[in-house]
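Fold and geometry: a report
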Amino acid sequence: MNRRLIEKADRLIAKEKGTVFKDPGGRINIVLVYPNIYPIGMSSLGFQGIYGLLNSHNDVVCERAFLPEPGDIEEFERTGTELFSLESKRPLSRFDIIAFSVSFENDYPNILKILKMSGISPRSSERGLFHPLVIMGGVCAFYNPEPLSEFMDMFFVGEAEEMLLEFLSVYRDSGTRETLLENSLRIEGIYIPSYYSVEYDDAGRIYNRKARDNAPEIIRKRTFMDVTKSSLKTAIITPEAEFSDMYLLEAMRGCVWSCRFCVAGRIYKPPRRKDFNLLKKEIKEALTKTRRVGLIGPSLSDYPRIGEVLSMEGVDFSITSLRASPGSGRIVQLLKGHRSISIAPEAGTERLRSVINKNITDTDIMETAKLILGSGVATLRLYFMIGLPSETRADVNEIINMVGRIREDNRKGFITLSVSTFVPKPFTPFQWHPMESMKEVRERLKIIKKGLSRLRGVKVFHDVPKYAYMQGLFALGDRRTGKMIEKAAFEGGLKWGRKSMDTGRDLSVSGKKEITEALPWDFIDVGVSRDELWKEYLSAMSI
Ligand code: SF4
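All of the points below concern the structure found in this document. (Residues numbered from 1 in each chain as written. Predicted model: local features only at pLDDT ≥ 70, side-chain atom pairs only at ≥ 80, totals over all residues. Heavy atoms only, no water.)

Details of the site of the ligand
Put simply, the rule is: What makes a residue near a molecule or strand is one non-hydrogen atom of that residue sitting within 4 Å of it. Side-chain classes are defined by residue name, with Ala, Val, Leu, Ile, Met, Phe, Trp, Tyr, Cys and Pro counting as nonpolar, Asp, Glu, Lys and Arg as charged, and the others, Gly among them, as polar.
By nearness alone, every residue bordering the ligand is listed as Cys255, Trp257, Cys259, Phe261, Cys262, Gly265 and Pro298. The residue inventory of the shell around the ligand, partitioned by class, reads six nonpolar, one polar and no charged.

Laid out in structure tokens, this is it:
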């Protein structure tokens, strides 16, 4: 094994608090993999929580692995070193189970790279019984696992807490791989893609999907109803995480709002809140390790006693973003010493915000911005999306005007815009809607950057439209998308993306779909009615 790579792993471990080391002998050996680099993976509450949950079982040892930094990937390749786990430095191929935790579609090519770096064929059909079982959980598995179906042995469709325990019990009782797969079919939410075949018509649309051997035709997403009983929390604190030395704690799961572009707002229904007293107790426990506490939840302004939580002494809180509303004043006061506070207007006009069901007014945004910058917070961060359904250049120009008005009203502080490209997602009313062309998205970005370039203390950050397009292809793809993921992983760059457009294989993102068309994720039941989504889509498009 390469000494430099081992030493680097040891340096990371040395900075961690909470790492679990167990003797692997006689235990179920699981390596939990985040398909991106260490600082990003270690800032994921889901990844951290599953590590803690698995290691709470005496007969399980769970270690971690990540995508190495680009320079280290070359070193692995140059020295013929197989990717290894951080804790015991064992190659991934020596574990019983490789479990991927996946939150972003753009990480899909990294999954394949990681398997290849581990000397394991990415395609499940090319792996044997003595290879580790390759499984995947995380939010991407909830809403459309199909693009990765050629690579995974099993998906966990749903919130992991109960499912994992049921799976471990089946795993302990199953002697062979075949029995394990057969028995796992009975666990609600487990999807084993090799039990299904899909046929396409001449136009490339799905026309038939068959299940064999009594595999369930519909996979129901599992929901863990009482988040107060959830044990998902930070297991390891490290200064090397993106959220340096921060303890992440879940305050809410699911959102009370239903923005039409947002998949999280749909698939995590119903909204659930952690009991206030328990949350306070967990924050006190966190304080024994660090002062920095990151509260996780989709819209924390709606946590009923958020004011009391944020008033807790001695805690340096971080929250994702604030809803621009008249009730935000108290929260802003409590976050006074913060370097930055974010709000998400998403669109420049009330009309477009109504289309996407983000019902906040221009006044709400202006007043909240004033409160934030007036309270001495150094940076106001504003989230916007472009390429939204029915967006025109007039809507884009209104983003510039809105930021101009905020700047005029508030001389102090910086304003940063984070502009992302709209990507339609499964189980949202916009799942039928095409993505805006990359050319037009680039134009709109140029308009925003030029329009704001003369304003003092205003900076614009944006995503790369090509990557947003890739995200769309992977989010909305079917089994055939696997080939594109392979190309992206092993042929490098994004040439494959342009090529797929040239050959017309981008229909899944640039073509409008009909209500009658079968969608790759139709076999998943997340508790959202397709008819309701369609009605909502039509109503949005009539605004
Ligand atoms: S965008 Fe935010 S507020 Fe809207 S549904 Fe999603 S999580 Fe909730």
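Quick look at helix α8 (residues 177-184)
Applied cut-off: Here's how the labels work: a residue is buried when its accessible area is under 20% of the maximum for its type, exposed when over 50%, partly exposed in between, all with a 1.4 Å probe on protein chains only. Only runs of H or I of at least four residues qualify as helices and only runs of E of at least two qualify as strands under DSSP, and these elements are numbered from the N terminus. Should any heavy atoms of two residues lie within 4.5 Å, those residues are considered in contact.
Of all the positions in α8, only Arg177, Leu180, Leu181, Asn183 and Ser184 are classed as buried. In this structure, the buried side of α8 is in contact with β4 (133-137), β5 (154-156), α7 (160-173) and β6 (190-191).

Regarding the sheet that holds strand β3 (residues 97-101)
For the record, the criterion: The rule for pairing is simple: two strands pair if DSSP sees at least two bridges between them. To get an axis, fit a line to the C-alpha atoms, keeping to the stretch in contact for a helix; angles then go from 0 to 180 degrees between the N-to-C directions.
An order of β2-β1-β3-β4-β5-β6 is seen for the six strands of this open sheet, with the pairing classed as mixed. At either end of the open sheet lies a strand with only one pairing partner, and these are β2 (60-66) and β6. Strand direction decides the pairing type here: strand β1 (residues 28-34) and β2, joined by seven bridges, are parallel. Across the sheet, tyrosine 34 pairs through a bridge with phenylalanine 66, a residue of β2. Contacting β1, β2 and β3, helix α3 (residues 45-55) crosses the sheet at an angle of about 155 degrees to β2.

Examining the side chain of glutamate 159
If you trace the backbone, glutamate 159 turns up in the loop between β5 and α7. On the basis of relative accessible area, glutamate 159 is assigned to the buried category, the value being 4%. Residues in contact with glutamate 159, not counting those within four places in the same chain, are Phe142, Lys221, Arg222, Thr223, Phe224, Arg253, Tyr268 and Arg272.

Re the nonpolar core
Rules: By nonpolar core is meant a set of buried Ala, Val, Leu, Ile, Met, Phe, Trp, Tyr and Cys residues that side-chain atoms within 4.5 Å join together.
Of all hydrophobic cores here, the largest spans 114 residues; its most connected members are Phe100, Ile111, Met136 and Leu148. Those residues in contact with isoleucine 111 that sit more than four places away from it in its chain are Pro35, Phe100, Val102, Met136, Leu148 and Met152. Judged by nonpolar contacts, the second largest core, of 52 residues, contains Ala324, Val332, Ile386 and Ile415.

Remarks on the environment of glutamate 346
Tracing the sequence through the fold places glutamate 346 in strand β15 (residues 340-346). For the pair glutamate 346 and valine 419, spaced 73 residues apart in sequence, the C-alpha separation works out to 8.5 Å. Each residue touching glutamate 346, except ones within four places of it in the same chain, is listed here: Phe261, Ile356, Lys358, Tyr383, Phe384, Met385 and Leu388.

Observations regarding the packing of aromatic side chains
What counts here: Put simply, two rings from Phe, Tyr or Trp (the six-membered ring, in Trp's case) pair if the centres are within 6.5 Å, and we call them stacked under 30 degrees between planes, edge-to-face over 60, tilted for the rest.
Under the defined criterion, the tally for this structure stands at 16 aromatic pairs. Seen from their ring centres, phenylalanine 156 and phenylalanine 167 are 5.3 Å apart, and the 80 degrees between their planes marks the pair as edge-to-face. Of this pair, phenylalanine 156 sits in strand β5 while phenylalanine 167 is found in helix α7, placing the two residues eleven residues apart along the sequence. For the pair shown, phenylalanine 156 and phenylalanine 167 are each scored as buried. Consider the rings of phenylalanine 430 and tyrosine 537, whose centres lie 6.3 Å apart with planes at 80 degrees: the pair is edge-to-face. Of this pair, phenylalanine 430 sits in the loop between β17 (414-421) and α16 (438-452) while tyrosine 537 sits in helix α21 (residues 530-541), and the two are 107 residues apart along the sequence. In terms of burial, phenylalanine 430 and tyrosine 537 fall into one category: buried.

A look at unusual backbone geometry
Most peptide bonds take the trans form, and the phi angle of most residues other than glycine is negative. In the segment running from lysine 269 into proline 270, the intervening peptide bond is cis, with an omega of -5 degrees. In this model, serine 390 sits at a positive phi of 75 degrees, which is unusual for a non-glycine residue. Residue placement: serine 390 occurs in the loop between β16 (379-386) and α15 (393-409). Assessed through its relative accessible area of 27%, serine 390 is described here as partly exposed.

Thoughts on the pattern of salt bridges
Here is the rule we go by: Each salt bridge in this description consists of a side-chain nitrogen of Lys or Arg and a carboxyl oxygen of Asp or Glu lying within 4 Å of one another.
In total, this model carries 47 salt bridges according to the counting rule given. With a shortest N-O distance of 3.3 Å, glutamate 162 and arginine 222 are connected by a salt bridge. In this pair, glutamate 162 is assigned in helix α7 and arginine 222 in the loop between β9 (219-220) and β10 (247-250), connecting sequence segments 60 residues apart. A relative accessible area of 36% places glutamate 162 in the partly exposed class. Between glutamate 282 and lysine 274 there is a salt bridge; the shortest N-O distance is 2.8 Å.

Observations regarding the sheet that holds strand β18 (residues 458-462)
Taken together, four strands build an open sheet; the order of strands is β15-β16-β17-β18 and the sheet is parallel. A strand with exactly one partner marks an edge of an open sheet, and here the two such strands are β15 and β18. For this sheet the average axis-to-axis angle between neighbouring strands, irrespective of direction, equals 20 degrees. Summarising the sheet, β15 and β16 pair through five bridges and their orientation is parallel. In the sheet register, serine 342 faces β16, and the bridge partner there is arginine 381. The strands that α15 touches are β15, β16, β17 and β18; relative to β16, the one it contacts most, it runs at about 170 degrees. With respect to the sheet, α16 is in contact with β16, β17 and β18, its orientation differing from that of β18 by roughly 165 degrees.

Some thoughts on the pairing of β2
Successive residues of a regular strand alternate their side chains across the two faces of the sheet. For β2, a buried count of seven out of seven residues is recorded, marking the element as mostly surrounded by other parts of the structure. With burial as the criterion, each face of β2 is covered, one bearing Val60, Cys62, Arg64 and Phe66 and the other bearing Val61, Glu63 and Ala65.

Some points on the pairing of β16
With six of eight residues buried, β16 is to be regarded as a mostly interior element. Sheet topology note: the β16/β17 ladder contains eight bridges and is parallel. Opposite tyrosine 383, over in β17, you have serine 418 as the bridge partner.

What about the environment of arginine 323?
Mapped onto the elements of the fold, arginine 323 is located in the loop between β14 (316-319) and α12 (328-334). It is 8.4 Å that separates the C-alpha atoms of arginine 323 and isoleucine 360, two residues lying 37 residues apart in sequence. Contacts of arginine 323, omitting those with residues within four sequence positions, involve Trp257, Ser301, Ser328, Lys358, Asn359 and Ile360.

Side note on the environment of isoleucine 98
Counting through the fold element by element, isoleucine 98 comes out in strand β3. Taking relative accessible area as the criterion, isoleucine 98 reaches 0% and is therefore assigned buried. In this structure the C-alpha to C-alpha distance between isoleucine 98 and phenylalanine 224, which are 126 residues apart in sequence, comes to 23 Å. Beyond its immediate sequence surroundings of up to four residues, isoleucine 98 is in contact with Val31, Val33, Leu92, Leu115, Ile120, Pro132, Leu133, Val134 and Ile135.

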